[in-house]
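# Examination of the molecular architecture
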Amino acid sequence: MQTSAELTTLFRDRGLRVTPQRQAIFRLLHGNDRHPTVDALHEAARVEMPTISLKTVYQTVHDLEALGQVSLLDLGTGSVRVDPNVESDHHHVVCSSCGLVHDVDLSEVPKLAPRYRKDFQPDAVDVIFRGVCNDCAAGA
Ligand SMILES: [Zn+2]
Ligand SMILES: [Zn+2]
């Protein structure tokens, strides 16, 4: 995902509104590797912008997705997770207890066996490792 300043230019070029609220979301997401939910983003944005609405956060996140600046992931944690790491292909570890999500790089991505490729041409692979994080394993 680009920086807040770059996104401000990009949004204006596309005729999209840029407000201080939207810029707060740009800043919160840039370099964020925690894969926040929209609710968590809203909570974080309210610290800076007490009047920001959940609707504004949703709209901004969807605009960012439409511009290819974030991915919206359903990792089975119950809420969509916002991933600003669109630069590098990566996969995820997901804690089934607390919903923690981390990026992982795989040296080798699994390939669909030839017998399935007769009927299907894959163009993406998403690998999700499920388990529990250390905190949850320790009963924290
Ligand atoms: Zn956990
Ligand atoms: Zn990710």
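Residues numbered from 1 in each chain as written. Chains lettered and ligands numbered in written order. Predicted model: local features only at pLDDT ≥ 70, side-chain atom pairs only at ≥ 80, totals over all residues. Heavy atoms only, no water.

### Regarding the pattern of salt bridges
Taken as a whole and assessed by the stated rule, the structure comprises three salt bridges. When the shortest N-O distance is used, the salt bridge between Asp 63 and Arg 22 registers 2.8 Å. One end of the pair, Asp 63, is in helix H4 (residues 54-66); the other, Arg 22, is in helix H2 (residues 20-29), with 41 residues separating them in the sequence. Judged on exposure class, the residue Asp 63 and its partner Arg 22 are both buried. For the salt bridge of Glu 43 with Arg 46, the shortest nitrogen-to-oxygen distance reads 3.4 Å. Taken together, the residues span about one helical turn, with Glu 43 and Arg 46 both in helix H3 (residues 38-48) at a distance of three residues. With a relative accessible area of 39%, Arg 46 lands in the partly exposed category. (Salt bridge = Lys/Arg side-chain N within 4 Å of Asp/Glu carboxyl O. Helix = DSSP H or I, 4+ residues; strand = E, 2+ residues; numbered from the N terminus. Buried < 20%, exposed > 50% of the residue type's maximum accessible area, 1.4 Å probe, protein only.)

### Topic: the layout of surface pockets
In this structure, the largest pocket encloses a volume near 300 Å³. What lines the largest pocket is a set of 18 residues, and nearest its centre among them are Leu 73, Asp 89, His 90, His 92 and Asp 126. Looking at the lining of the largest pocket, the elements that each hand over two or more residues are strand S1 (71-73) and strand S3 (91-95). Residues of the lining of the largest pocket, tallied by class, amount to seven nonpolar, six polar and five charged. Each pocket or cavity is described by its volume, and for the second largest pocket that value is around 250 Å³. Along its surface, the second largest pocket is lined by 14 residues, and Asn 32, Arg 34, His 35, Pro 36 and Arg 81 are the ones closest to its centre. When residues of the lining of the second largest pocket are traced back to their parent elements, those giving at least two are H3 and strand S4 (101-104). The element that contributes the greatest number of residues to the lining of the second largest pocket is H3, accounting for three residues. For the lining of the second largest pocket, the class distribution of residues is seven nonpolar, four polar and three charged. (1 Å grid on protein atoms, 1.4 Å probe; cavity = no way out; pocket = protein on both sides within 12 Å on 5 of 7 lines; lining within 4 Å. Points joined across faces, edges and corners; volume = space filled by probe spheres on them. Nonpolar A, V, L, I, M, F, W, Y, C, P; charged D, E, K, R; others polar.)

### What to know about the confidence of the model for the chain
Averaged over all residues, the pLDDT of the chain is 95; the fraction at 70 or higher stands at 99%. Looking across the chain, the model is least confident in helix H5 (residues 114-117), with a mean pLDDT of 93, and most confident in strand S2 (residues 81-83), with 98. (pLDDT = per-residue confidence, 0-100.)

### A look at the sheet that holds strand S5 (residues 128-131)
An order of S4-S3-S5 is seen for the three strands of this open sheet, with the pairing classed as mixed. Two strands close off the open sheet at either side, each with one partner strand: S4 and S5. Pairwise comparison of adjacent strand axes, ignoring direction, gives a mean angle of 20 degrees for this sheet. Sheet analysis places S3 next to S5, joined by four bridges and oriented parallel. (Pairing = 2+ DSSP bridges. Axes fitted to C-alpha atoms, helices over the stretch in contact; angles between N-to-C directions.)

### Observations regarding the environment of Ile 25
When you line up the elements, Ile 25 lands in helix H2. The buried category is assigned to Ile 25, whose relative accessible area is 0%. Placed 31 residues apart in sequence, Ile 25 and Thr 56 show a C-alpha to C-alpha distance of 9.5 Å. Residues within four places of Ile 25 in sequence aside, it is in contact with Leu 41, Ile 52, Thr 56, Val 57 and Thr 60. (Contact = heavy atoms within 4.5 Å.)

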